[in-house]
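Commentary on secondary and tertiary structure
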Amino acid sequence: MQANGVPLVMNMKAYLKPLLILFITSMGWLSFSWAAIDTYPFKTDEQRQRFKQLTDELRCPKCQNQNIADSNAPIAKDFREEIYRQLLAGHSNQTIVDFMVARYGEFVLYRPTFSKKTWLLWIGPFILLVVGAGIFYRLIRKGQSSSTTASAPLSEAEQRQIEAIIHQHEETKS
Amino acid sequence: MARLKLFIPLLLFIALAGFLYQGIYDKDDSLTSALLNKPFPAFSLPTVQSVETNIGKQELLGEAALVNVWATWCPSCQVEHPYLLKLAQQGVKIIGVNYKDDRAAAQQWLIKLKNPYVFSIFDQKGRLGMDLGVYGAPETYLIDREGTIRYKHVGVVDEQVWLTKIKPKYDALNTKKAEPVQQNAG
């Protein structure tokens with residue numbers, strides 16, 4: 001049994017190394033081919049950062065639940081190229097965003113500006129929070145007040161009644 | 001009364017669920033144009049037919065017109081093409097924007113399927129398309145005679161779209177300038 005087992009393990013080890021090499025090299029090849037789809041060479045890290053930020057925050061008008069960094073739609077590619085072009089031309093983030101909004105509307109902003117149309121979107125969650133807290137507070141107050149009424153002092157007649165009941169109960173026990 | 005109050009969360013839930021449910025089946029993801037009631041963007045581009053001629057915005061002016069964004073790679077454009085021909089026959093001025101296309105293929109298309117356009121602007125890089133806010137062909141814009149964008153339709157223009165959505169606005173633009181309306185309306 002053991003004599004049989006050892007060469008098998010050795011065999012596996014022999015296979016493992018080339019497999020590992022294949023795996024690692026193919027990973028390298030994969031990431032290389034990904035990078036080849038879209039390469040935008042930047043002069044500075046700051047430009048690369050801003051490109052990333054802009055493509056993350058602008059929304060693809062065609063594939064509406066993706067940002068344009070994420071989307072393969074031709075229009076998203078056009079957006080990326082335009083952003084790249086304007087970045088190199090030295091335009092500010094605001095100029096680039098305004099450029100896109102002027103053509104495609106507020107829709108392209110994943111972080112919409114605060115306006116008459118979007119105020120509910122921005123402060124809605126806080127309104128709900130306040131309303132929720134209000135309801136919660138009232139419920140708690142109600143619970144407290146009902147327990148205080150229950151512990152109000154008993155009248156003399158009630159006191160006597162209770163004593164009678166307790167007394168009766170003790171008698172049946174013994 | 002206090003008992004009925006208990007149903008408030010349930011009612012809220014039903015309302016919310018209903019709202020979200022109809023959102024699932026709302027297939028209309030077309031966006032209203034950001035350029036609505038704004039001037040058509042300026043451009044200087046050749047036409048599909050000729051490399052030499054440079055067309056500018058002034059060629060669009062004079063009467064209300066449709067500007068139709070099309071391409072040979074766009075299947076829906078082929079679907080709406082016969083109806084555009086019909087509209088052109090009725091006297092509607094249609095200007096084409098050939099969007100990110102191959103010139104030879106576009107010329108072939110116009111020969112094979114016939115040409116409803118007064119001319120087709122050759123927007124190979126999609127630059128005019130971006131200035132217009134085009135995000136997919138076909139798109140059809142209605143512009144008035146001063147070149148202001150009055151309406152945008154994303155998707156195929158068929159009889160129903162034309163009659164219910166575009167024609168009323170088109171007619172309204174034309175009644176201001178009386179003569180060509182009557183013959184167009186028929």
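Up top is the structure.
Let me begin by describing the structure that accompanies this report. (Residues numbered from 1 in each chain as written. Chains lettered and ligands numbered in written order. Predicted model: local features only at pLDDT ≥ 70, side-chain atom pairs only at ≥ 80, totals over all residues. Heavy atoms only, no water.)

We now examine the overall build of chain B. Helix and strand counts for chain B stand at seven helices and seven strands. Taken against the 2.2 N^0.38 rule, which gives 16 Å for 186 residues, the C-alpha radius of gyration of chain B at 21 Å runs more than 25% over that of a compact globule. Oriented by its inertia axes, the alpha-carbon framework of chain B measures out at about 80 × 40 × 30 Å. Burial statistics for chain B: of 186 residues in total, 46% are counted as buried. Residue pairs in contact within chain B that sit at least 24 positions apart in sequence constitute 71% of those at least 6 positions apart. Counting 21 positive and 18 negative side-chain charges, chain B places the averaged centre of each group 6 Å from the other. (Helix = DSSP H or I, 4+ residues; strand = E, 2+ residues; numbered from the N terminus. Rg over C-alpha atoms; globule rule 2.2 N^0.38 Å. Buried < 20%, exposed > 50% of the residue type's maximum accessible area, 1.4 Å probe, protein only. Contact = heavy atoms within 4.5 Å. Lys, Arg positive; Asp, Glu negative; His and termini not counted. Charge placed at Lys NZ, Arg CZ, Asp CG, Glu CD.)

Side chains of Phe114(A), Trp119(A), Leu120(A), Leu121(A), Trp122(A), Ile123(A), Phe126(A), Ile127(A), Leu129(A), Val131(A), Ile135(A) and Leu139(A) sit close together on the surface and give an oily, nonpolar patch of about 1300 Å² of accessible area. Structurally, Trp119(A) is set in helix 5 (residues 119-150). (Patch = residues over 30% accessible without salt bridge, like charges linked within 9 Å, V, L, I, M, F, W, Y side chains within 5 Å. Areas by Shrake-Rupley, 256 points an atom, 1.4 Å probe, with all protein chains shown as cover. Salt bridge = Lys/Arg side-chain N within 4 Å of Asp/Glu carboxyl O.)

Here we take up the packing of helix 3 (residues 74-88) of chain A against helix 4 (residues 93-104) of chain A. Residue and element names in this part refer to chain A. It is at 10 Å that the axes of helix 3 and helix 4 come closest, and there the two elements cross at 145°. Along this stretch, helix 3 crosses helix 4, giving a crossing that reads as right-handed. Packed against helix 3, whose contacting residues are Ile75, Phe79, Glu82, Ile83, Gln86 and Leu87, the element helix 4 presents Ile96, Phe99, Met100 and Tyr104 at the interface. Looking at the contact of helix 3 with helix 4, its residues break down into eight nonpolar, one polar and one charged. (Axes fitted to C-alpha atoms, helices over the stretch in contact; angles between N-to-C directions. Left-handed = near helix turned anticlockwise from the far one by under 90°. Nonpolar A, V, L, I, M, F, W, Y, C, P; charged D, E, K, R; others polar.)

On to unusual backbone geometry, then. Residues and elements named next belong to chain B. The step from Ala137 to Pro138 runs through a cis peptide bond, and the omega angle for that step is -5°. As for its position among the elements, Pro138 is in the loop between helix 5 (127-132) and strand 6 (139-143). Despite not being glycine, Asn37 has its phi angle at roughly 65°, a positive value. Unlike most non-glycine residues, Lys114 shows phi in positive territory, near 70°. Within the secondary structure, Lys114 sits in the loop between helix 4 (103-113) and strand 5 (120-123).

All names here are of chain B. Neither face of strand 5 is exposed, since Ser120 and Phe122 on one face and Ile121 and Asp123 on the opposite face are all buried. Examined bridge by bridge, strand 4 (residues 94-99) and strand 5 share four bridges and lie parallel to one another. Within strand 5, the residue paired with Asn98 across the bridge is Phe122. Read from strand 4 through helix 4 to strand 5, the crossover connection turns out right-handed. (Pairing = 2+ DSSP bridges. Right-handed = clockwise from strand over helix to strand, strands pointing away.)

With that settled, the discussion passes to the packing of aromatic side chains. All names here are of chain A. For the structure shown, the criterion picks out 12 aromatic pairs over all chains. Both rings, one in Tyr40 and one in Phe51, keep their centres 5.0 Å apart while their planes meet at 45°; by these two values the pair is tilted. In this pair, Tyr40 sits in the loop between helix 1 (2-37) and helix 2 (45-57) while Phe51 sits in helix 2, placing the two residues 11 residues apart along the sequence. For the pair Tyr40 and Phe51, one class covers both residues: buried. (Phe/Tyr/Trp six-rings, centres within 6.5 Å; stacked < 30°, edge-to-face > 60°.)

For the rest of this paragraph, the subject is the environment of Pro74(A). All names here are of chain A. The topology assignment puts Pro74 in helix 3. Here Pro74 falls in the exposed class, since its relative accessible area comes to 57%. Considering only alpha carbons, one finds Pro74 and Ile135, 61 residues apart in sequence, at a separation of 49 Å.

The subject of this paragraph is the pattern of salt bridges. All names here are of chain A. For the coordinates displayed, the defined rule picks out 15 salt bridges over all chains. Here Asp45 makes a salt bridge to Arg48, at a shortest N to O gap of 2.5 Å. Of the two residues, Asp45 and Arg48 both sit in helix 2, three residues apart, roughly one turn of that helix. For Lys52, the salt bridge goes to Asp56, with nearest N and O atoms at 2.9 Å. Of this pair, Lys52 and Asp56 both sit in helix 2, four residues apart, which is roughly one turn of that helix. You can call Asp56 partly exposed: its relative accessible area is 31%.

We now examine the sheet that holds strand 3 (residues 65-70) of chain B. Residue and element names in this part refer to chain B. On the basis of which strands lie adjacent, the open sheet formed by five strands has the order 5-4-3-6-7 and mixed pairing. Only two strands of the sheet have a single partner each, and these edge strands are strand 5 and strand 7 (149-154). Put simply, the sheet's adjacent strands are angled 20° from each other on average, direction ignored. Note: strand 6 against strand 7, five bridges, orientation antiparallel. Paired with Tyr141 across the strands is Lys152, a residue of strand 7.

All names here are of chain B. Relative to the assigned elements, Asp101 resides in the loop between strand 4 and helix 4. Within the local environment of Asp101, its side chain forms a polar contact with the side chain of Asn98, the two groups lying 3.0 Å apart. Setting aside chain neighbours within four positions, we find Asp101 in contact with Trp70, Ala71, Thr72, Trp73, Ala106, Phe122 and Gln124. (Polar contact = N/O pair within 3.5 Å; in protein donor to acceptor, adjacent residues only side chain to side chain.)

All names here are of chain B. Counted according to the given criterion, the structure contains one disulfide over all chains. In this model, Cys74 is linked to Cys77 through a disulfide, with the two sulfur atoms separated by 2.2 Å. Here the disulfide of Cys74 and Cys77 is right-handed, its torsion about the S-S bond being about 95°. Each member of the pair, Cys74 as well as Cys77, is classed as buried. (Disulfide = S-S within 2.5 Å.)

Read these as spatial facts, not as claims about activity.
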